[in-house]
Amino acid sequence: SLLGKGTFRRAEEATAGVPAAQQSLDDLGVRLRDLERREGQIRTEYEGAPASKGVLAPAIMGERDVRLRQNAVEALTVSSLIDAATNRLTSAQRKADRAVEEKYGPLLEEQDIKLANLNIILKSPAYSRAEKDRAEKQKAVEEKKKAELETKKTENAEILKTATEAAKGGAD
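Predicted, not measured: the structure shown is a model, and the values here were computed from it.

Caption draft 1: Seen up close, the environment of Gln93. When you line up the elements, Gln93 lands in helix α5 (residues 89–123). A relative accessible area of 23% places Gln93 in the partly exposed class. For the pair formed by Gln93 and Thr77, sequence separation is 16 residues and the distance between their alpha carbons is 9.5 Å. Residues contacting Gln93, with those up to four places away along its chain left out, are Lys161 and Thr164.

And the structure:
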């Protein structure tokens, strides 16, 4: 009978988890649109700021870049979850990888620069023994920080991989 067909279909969809999966996908879509709007707001907030702030311009633009990068990381993460939920797993993983690189790439690059500068001090005959000893201690601190960042980067990548796998599971 056609009368019970719709009711039967809705019951089967509910059993398969279709409404919950669709709600999750809708929520992710709304979040992504919010992040896209926030990017525009961030850019608008800083329009004309460098010209009017003079000496503070580099700091202001640096703050803008940090906020835009944080927004991009979140947008890439949400976008990868949407892709996973719609069975576009390769795209999802690529976006998750980009999100991790956006977040940790600049931090690791900064650590590499610090370590390179410390190595210059250690190899230079222009510095005293005491200065080289301080540089050696600082190098150990910076190497530890870099190792911690590498660990966090790996953990974050695993978390996003798990999240995309879970989102894919919700789409089946």
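Caption draft 2: Looking closely at α5. Relative to the 51 Å expected for 35 residues at 1.5 Å per residue, α5 spans 48 Å between its end C-alpha atoms, a close match to the ideal helical length. By the largest-angle criterion, Tyr104 marks the main kink of α5, which is about 40°, and a proline, Pro106, follows within four residues. Along α5, the positions that sit buried rather than exposed are Ser91, Ala92, Ala96, Ala99, Val100, Tyr104, Gly105, Leu108, Gln111, Leu115, Leu118 and Leu122.

Caption draft 3: Structural detail: the pattern of salt bridges. Per the stated rule, a full pass over the model turns up 13 salt bridges. Residue Asp34 is joined to Arg37 by a salt bridge in which the shortest nitrogen-to-oxygen separation is 3.0 Å. Within this pair, Asp34 and its partner Arg37 are both found in helix α2 (residues 18–45), separated by three residues, close to a single helical turn. Overall, Asp34 belongs to the partly exposed group, its relative accessible area being 32%.

Caption draft 4: Main features of the nonpolar core. Formed by Leu28, Leu32, Leu35, Ala75, Val78, Leu81, Ile82, Ala84, Ala85, Ala92 and Ala167, the largest nonpolar core amounts to 11 residues. Contributing elements (two or more residues each) for this core: α2 and α4 (57–85). With six residues, the top contributor of residues to this core is α4. Contacts of Leu28, omitting those with residues within four sequence positions, involve Val78, Leu81 and Ile82. Listed in part, the nine residues of the second largest apolar core include Val73, Leu76, Ala99 and Leu149.

Caption draft 5: Here's a closer look at the packing of α4 against α5. One way to put it is that α4 packs onto α5 with a least axis distance of 8 Å and a crossing angle of 160°. The angle between α4 and α5 falls in the class roughly antiparallel. Note on packing geometry: the crossing formed by α4 with α5 is left-handed. Where α4 abuts α5, its residues Arg69, Val73, Leu76, Thr77, Ser79, Ser80, Asp83 and Ala84 lie against Leu89, Ser91, Ala92, Lys95, Ala96, Arg98, Ala99, Glu102, Lys103 and Pro106.

Reading guide: rules and limits
- Residues numbered from 1 in each chain as written.
- Predicted model: local features only at pLDDT ≥ 70, side-chain atom pairs only at ≥ 80, totals over all residues.
- Heavy atoms only, no water.
- Helix = DSSP H or I, 4+ residues; strand = E, 2+ residues; numbered from the N terminus.
- Buried < 20%, exposed > 50% of the residue type's maximum accessible area, 1.4 Å probe, protein only.
- Contact = heavy atoms within 4.5 Å.
- Expected span 1.5 Å × (residues − 1).
- Bend = angle between axes of the 7 residues up to and from the residue.
- Salt bridge = Lys/Arg side-chain N within 4 Å of Asp/Glu carboxyl O.
- Core = buried A, V, L, I, M, F, W, Y, C linked by side-chain atoms within 4.5 Å.
- Axes fitted to C-alpha atoms, helices over the stretch in contact; angles between N-to-C directions.
- Parallel < 35°, antiparallel > 145°, perpendicular 65-115°, else oblique.
- Left-handed = near helix turned anticlockwise from the far one by under 90°.

Purely spatial values, then, with no claim about function.
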